[in-house]
Amino acid sequence: MMCKILNKISFKENKRRYLNLKGIFSRRFAYKGPDVVQIDLTDRCNSHCLICWLHSLFVKEDKNTKELDFITLKNFISYIAKSGTKEIIFSGGGEPFFYSKIWEVLEFTQKAGLTFRINTNFTLLSREDINRLLSFNNLVSLTVSIWAGEASLYSKLHNRDSDIFFKIKNNLKFLNISKPRALYVKVFVVVNNLNYSKLAGLIDLSTETGCNAIELGVPDVIPGVTDSFLLSKEQLSFLKQDFIKIIRNLNGKNHGIKIINKNIFLRRISNSKACYGAYDSFVERIPCYAGWTFLRLRANGDFNSCLKSHRIPIGNFYKDSFPLVWNGLLQQEFREKGLSIPKDKKYFKVIGNSFDEDVGCKRVCDNILTNEHLYKIIKFLPWI
């Protein structure tokens, strides 16, 4: 049976999986590049989303306006394409379409043979831009962060004119009518205490605009800054019951819209510490493999081992060569500590936005789905 499965997988894919496992078993070293690289092209943004860690009006720190140097970035993309990376996610602290060389980057990424995904607020694109975007065959998904199914709530959550909501809505309709079937378009929502009772409106919006799915996130707050948007125990109880009803209704009607992370979202809002902003206690029970499968490049040039490790960079792409960073001592330390159960609280307390030693990764782990998938495979391998 295993031979039949392997025969259906390409040699290149089998090699990728083998080298990932070889690295994991070594506990420190990687024999190929990361499968997925998230690139924060810029920290510039035209929104002030209430819960944003960088651009919220409640964040008083100096707002970064950095963006990556285009020439250096091209060299980096060329290198990771040869190292075994499959995919790039253009996302981060700013709006990707605010990057001064966005179209050149997308063209270069396609020529390098890498597939890519884009996370965007979708406010800067004209219909001509959308047609241009649809010309990229290697674009596999577009995630539109909108958080609300109605104009007034959208305006409140993102600190933008309500007219922008209707522009996004019309552009989503145009996009989904024009796009190839293979392009996956989903609406992303951070569920907080302002929109938690309005999820049905997002279903309607997604249906009306022809999107494929909805992804639901939880507020990754900064303690003492944006934690006023956390849901109370009573609100979480309501949300859980309402969410279960929505799922049943979608299943019962054989609805075209999917909530792609419904199980993990339900687990997160059911966490006993969700009202304090801690949702992923489960990470304490499984190893972390992000050190082999993922890398983040931030707009200031810092490399991060995972999406939430921005306070412990492992190098900088203006100063350090990628091979030395990817298998450097700091990345090796992250890998080894990630595999250890129980987790080193002193080390992981700086993951995310909290300094609480009992929180760290347990707040929100953006790499948890990949980690869970790999753990289900690895724990049953006979040679471990």
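Quantities reported herein were computed from a predicted structural model and do not represent experimental measurements. As a convention, each chain's residues are numbered from 1 in the sequence order in which they are written. Local features in this predicted model are restricted to residues of pLDDT 70 or higher, and side-chain atom pairs are both shown and tallied only at a pLDDT of 80 or more, whereas totals for entire chains, interfaces and linings draw on every residue. Calculated side-chain values reflect all of the structure's heavy atoms, with hydrogen atoms and water omitted.

**Q** Run through unusual backbone geometry, naming residues and quoting values.
**A** Cis geometry is found at the peptide bond from I341 to P342, where omega equals 0°. The helix count covers DSSP runs of H or I at least four residues long, the strand count covers runs of E at least two residues long, and both are numbered beginning at the N terminus. Residue position: P342 is located in the loop between α13 (329-339) and α14 (345-348). A positive phi angle, close to 70°, is found at W147, a residue other than glycine. Checked against the element boundaries, W147 lands in the loop between β4 (139-145) and α6 (151-158). A residue is classified by how much of its surface remains accessible, and W147, at 6% relative accessible area, is buried. Per-residue accessibility, obtained with a 1.4 Å probe over protein chains only, is compared with the maximum for each type, and a residue is labelled buried under 20%, exposed over 50%, and partly exposed between these values.

**Q** Describe the packing of α6 against helix α7 (residues 162-178), and please don't skip the residues or the numbers.
**A** Axis definition: a line fit to C-alpha positions, over the contact stretch in the case of helices; interaxial angles, taken between N-to-C directions, run 0 to 180 degrees. Put simply, α6 and α7 touch, their axes get as near as 8 Å, and they point 110° apart. Comparing their axes, α7 and α6 come out roughly perpendicular. Along this stretch, α6 crosses α7, giving a crossing that reads as right-handed. Counting all contacts with α6, which are made through A151, Y154 and S155, the residues of α7 involved are S162, I164, F165, F166 and I168. All residues other than Ala, Val, Leu, Ile, Met, Phe, Trp, Tyr, Cys, Pro, Asp, Glu, Lys and Arg, Gly among them, are scored as polar; the first ten of these are nonpolar and the last four charged. In terms of residue class, the contact of α6 with α7 is built from six nonpolar, two polar and no charged. Just so you know how the angles are binned, under 35 degrees is roughly parallel, over 145 roughly antiparallel, 65 to 115 roughly perpendicular, and the rest oblique. By convention the crossing between two helices is left-handed if the near helix lies anticlockwise of the far one by an angle smaller than a right angle, and right-handed if it lies clockwise. By the convention used here, residues are in contact when the closest approach between their heavy atoms is within 4.5 Å.

**Q** Describe in detail the packing of α7 against helix α8 (residues 199-209), supporting the description with residues and values.
**A** α8 packs onto α7 with a crossing angle of 45° between their chain directions and a minimal axis gap of 8 Å. By the angle class used here, α7 and α8 are oblique. Residues F165, K169, L172, K173 and N176 of α7 touch α8, and the partners they reach there are L205, E208 and T209. For the contact of α7 with α8, the per-class residue count stands at three nonpolar, two polar and three charged.

**Q** Provide a residue-level description of helix α10 (residues 262-269), including the pertinent values.
**A** Along α10, the residues that are buried comprise I264, F265, R268 and I269. Here the buried residues of α10 occupy an arc of 130° about the axis, which is enough to place them on one side. Note: the arc covers the axis-to-C-beta directions of the helix.

**Q** Which residues make up the environment of L202, and what values go with them?
**A** By secondary structure assignment, the location of L202 is in helix α8. In this structure L202 comes out as buried when scored by relative accessible area, which is 2%. Distance in space between the C-alpha atoms of L202 and W147 is 7.8 Å, their sequence separation being 55 residues.

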